[in-house]
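# Structure assessment
This is what each chain is made of:
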Amino acid sequence: MPPQPASIFLRGLLLAILLGTSLAAHADSTLQLPSEKSPALVADCLQQGIRRLKIPDDYVKRDTAADKAESIRLLNPVSNKTSLQVDIRPQGEGSQLQADQNGIPLTPPWQRLIKRCAE
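A brief look at the structure comes next.

### Considerations on the state of the cysteines
For the structure on display, the rule yields one disulfide. With a sulfur-sulfur separation of 2.1 Å, Cys45 is cross-linked through a disulfide to Cys117. Torsion about the S-S bond of the Cys45 and Cys117 cystine: about -75°, corresponding to left-handed handedness. On the criterion of sequence distance, the pair formed by Cys45 in helix 2 (residues 39-52) and Cys117 in helix 3 (residues 108-118) is long-range, its members being 72 residues apart. Considered together, Cys45 and Cys117 belong to a single accessibility category, that of buried residues.

### Points about the sheet that holds strand 4 (residues 82-91)
Strand pairing in a sheet relies on backbone hydrogen bonds. The paired strands run either parallel or antiparallel. Strand order in the open sheet formed by five strands is 1-5-4-3-2, with antiparallel pairing between adjacent strands. At either margin of the open sheet sits one strand with a lone partner, and together these are strand 1 (30-35) and strand 2 (60-64). When the angles between neighbouring strand axes are averaged without regard to direction, this sheet yields 15°. Looking at chain direction, strand 1 and strand 5 (residues 94-100) are connected through six bridges and run antiparallel. Looking across to strand 5, one finds that Leu33 is bridged to Leu97. Lying on the sheet, helix 3 is in contact with strand 1, strand 3 (70-75), strand 4 and strand 5; it crosses strand 1 at an angle near 20°.

### Here we look at the nonpolar core
Leu46, Ile50, Val86, Ile88, Leu97 and Ile114 are the most contacted members of the largest nonpolar core, which totals 21 residues. Broken down by secondary-structure element, the contributors of at least two residues to this core are strand 1, helix 2, strand 3, strand 4, strand 5 and helix 3.

### Structural notes on unusual backbone geometry
The backbone phi angle of Lys54 is positive, close to 65°, even though this residue is not glycine. For Lys54, the location among the structural elements is in the loop between helix 2 and strand 2. Residue Lys54 is classed as exposed on the basis of its relative accessible area, which comes to 71%. The backbone phi angle of Asn80 is positive, close to 60°, even though this residue is not glycine. Residue placement: Asn80 occurs in the loop between strand 3 and strand 4.

How each quantity is defined
Residues numbered from 1 in each chain as written. Predicted model: local features only at pLDDT ≥ 70, side-chain atom pairs only at ≥ 80, totals over all residues. Heavy atoms only, no water. Disulfide = S-S within 2.5 Å. Helix = DSSP H or I, 4+ residues; strand = E, 2+ residues; numbered from the N terminus. Buried < 20%, exposed > 50% of the residue type's maximum accessible area, 1.4 Å probe, protein only. Pairing = 2+ DSSP bridges. Axes fitted to C-alpha atoms, helices over the stretch in contact; angles between N-to-C directions. Contact = heavy atoms within 4.5 Å. Core = buried A, V, L, I, M, F, W, Y, C linked by side-chain atoms within 4.5 Å.

Treat this as a map of the structure, not an account of what it does.
Here is the structure:
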């Protein structure tokens, strides 16, 4: 027996809801901010904030690129998987921050830290 039109409609509606939820979760997992500070100053601020949160240094990785871009990552040293990553790219006299928590929404304390360091 072929599927009924109502059944097809409900399946399509369910799929649309699931896709919308997935996209909304992904949208909440990134944060982009401009800053008048240089990438190095923003990265220093983030490292200090992370230390105040008592996160061990071996869970924090900082990289500096040739173009003076900075990247701060929180990673598990055992699995080498990154959770939070903040990329700070030079933009004119300041910088542009992009934070990604790899599909997990950024929590308010992390958002506050990142926004405070961008100011």
